[in-house]
Amino acid sequence: MDCIFCKIIAGEIPSSKVYEDDQILAFNDINPQTPVHILVIPKRHIRSMDEVTSENSAVVAHIFETIPKIAAKAGLTNGYRVISNCGDDACQSVKHLHFHIMGGRQLPENMG
Ligand code: DGP
C-alpha cells in the first residue's frame, strides 16, 4: 500500500518516535507548527475519521487513552490541542488516520 504512515510503521521511512505499543505509534511531525507537534496513528491502516466504525474504534479509544501520557512525557503540563483533519475541506494530506498533538506555547483561540 502506498501510504507514508504505513511505511513509517514498517520502518521503511525513518521517524522520530515518541511512543509505540502493539496498536499505535506516535512520532514528531516532520513539519512542526508548534514547539511540540506529535502525530499519533493506529498501526492498522484506517483512511480517516470517516472510516472509523464499531469494528475498529477500539484503537481510537486506545489512542485517546494514551494521548495524555504522550503529552505529559512531552512536557505539555499547561494544556495542548488534539486535531484530526478529515477529507479535503480539512486539508487532510496523509490518508491514514492521525491525531495531531500540538502545544508548547499559547495556541490561538480560532481554529477555523
Ligand atoms: P494532515 O494535513 O492532517 O494530513 O497532516 C499530515 C502531517 O503529516 C503533516 O503535518 C506533515 C506530516 N508528515 C507528512 N509526511 C511525513 C513524514 O514522512 N514524516 C513525518 N514525521 N511527518 C510527516
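Presented here is an overview of the structure given in this document.

Rules used throughout
Residues numbered from 1 in each chain as written. Predicted model: local features only at pLDDT ≥ 70, side-chain atom pairs only at ≥ 80, totals over all residues. Heavy atoms only, no water. 1 Å grid on protein atoms, 1.4 Å probe; cavity = no way out; pocket = protein on both sides within 12 Å on 5 of 7 lines; lining within 4 Å. Points joined across faces, edges and corners; volume = space filled by probe spheres on them. Helix = DSSP H or I, 4+ residues; strand = E, 2+ residues; numbered from the N terminus. Nonpolar A, V, L, I, M, F, W, Y, C, P; charged D, E, K, R; others polar. Expected span 1.5 Å × (residues − 1). Bend = angle between axes of the 7 residues up to and from the residue. Buried < 20%, exposed > 50% of the residue type's maximum accessible area, 1.4 Å probe, protein only. Contact = heavy atoms within 4.5 Å. Near = heavy atom within 4 Å. Polar contact = N/O pair within 3.5 Å; in protein donor to acceptor, adjacent residues only side chain to side chain. Areas by Shrake-Rupley, 256 points an atom, 1.4 Å probe, with all protein chains shown as cover. Sits in = over half its atoms within 2 Å of the grid points.

Concerning the layout of surface pockets
Link 1 in the chain: Of the voids in this model, the largest pocket is the one considered here, and its volume is about 490 Å³.
Link 2 in the chain: Looking at the largest pocket, it is lined by 24 residues, and the ones nearest its centre are Phe-5, Asp-29, Ile-30, Leu-39 and Val-94.
Link 3 in the chain: For the lining of the largest pocket, the elements supplying multiple residues, two or more each, are helix H1 (4–10), strand S2 (24–28), strand S3 (36–42) and strand S5 (99–103).
Link 4 in the chain: Examining the composition of the lining of the largest pocket, we find that 3 residues originate from one element, H1, more than from any other.
Link 5 in the chain: Residue classes in the lining of the largest pocket are distributed as 12 nonpolar, 11 polar and 1 charged.
Link 6 in the chain: Empty space within the second largest pocket amounts to approximately 240 Å³.
Link 7 in the chain: Surrounding the second largest pocket, Gln-33, Thr-34, Arg-81, Ile-83, Met-102, Arg-105, Leu-107, Pro-108, Asn-110, Met-111 and Gly-112 form its lining.
Link 8 in the chain: When the residues that make up the lining of the second largest pocket are grouped by side-chain class, the tally is 5 nonpolar, 4 polar and 2 charged.

Topic: helix H2 (residues 57–73)
Link 1 in the chain: Taking 1.5 Å of rise per residue, 17 residues should cover 24 Å, and H2 covers 25 Å from first to last C-alpha, within 8% of that figure.
Link 2 in the chain: For H2, the principal kink sits at Thr-66 and spans about 35°; a proline, Pro-68, occurs within the next four residues.
Link 3 in the chain: For H2, the complete set of buried residues consists of Val-59, Val-60, His-62, Ile-63, Thr-66, Ile-67, Ile-70 and Ala-71.
Link 4 in the chain: Those residues of H2 hidden inside the fold are in contact with strand S1 (17–20), S2, S3, strand S4 (81–83) and S5.
Link 5 in the chain: The first or second residue beyond H2 is Gly-75, which carries a positive phi of 85°.

Quick look at the site of the ligand
Link 1 in the chain: Of all residues adjacent to the ligand, which total 15 residues, the nearest are Asp-29, Asn-85, Ser-93, His-98 and His-100.
Link 2 in the chain: Take Ile-30: an N or O atom from its main chain is 3.2 Å from a nitrogen atom of the ligand.
Link 3 in the chain: Summarising the interface, the protein chains cover 85% of the accessible area of the ligand, which totals 510 Å² for the free molecule.
Link 4 in the chain: With respect to the detected pockets, the ligand is housed in the largest pocket.
Link 5 in the chain: Among the elements of the structure, H1 and S2 are those that each provide at least two residues to the shell around the ligand.
Link 6 in the chain: The element best represented in the shell around the ligand is H1, accounting for 3 residues.
Link 7 in the chain: Here the residues of the shell around the ligand sort into 8 nonpolar, 6 polar and 1 charged.

Limitation: the analysis is restricted to geometry and does not speak to function.
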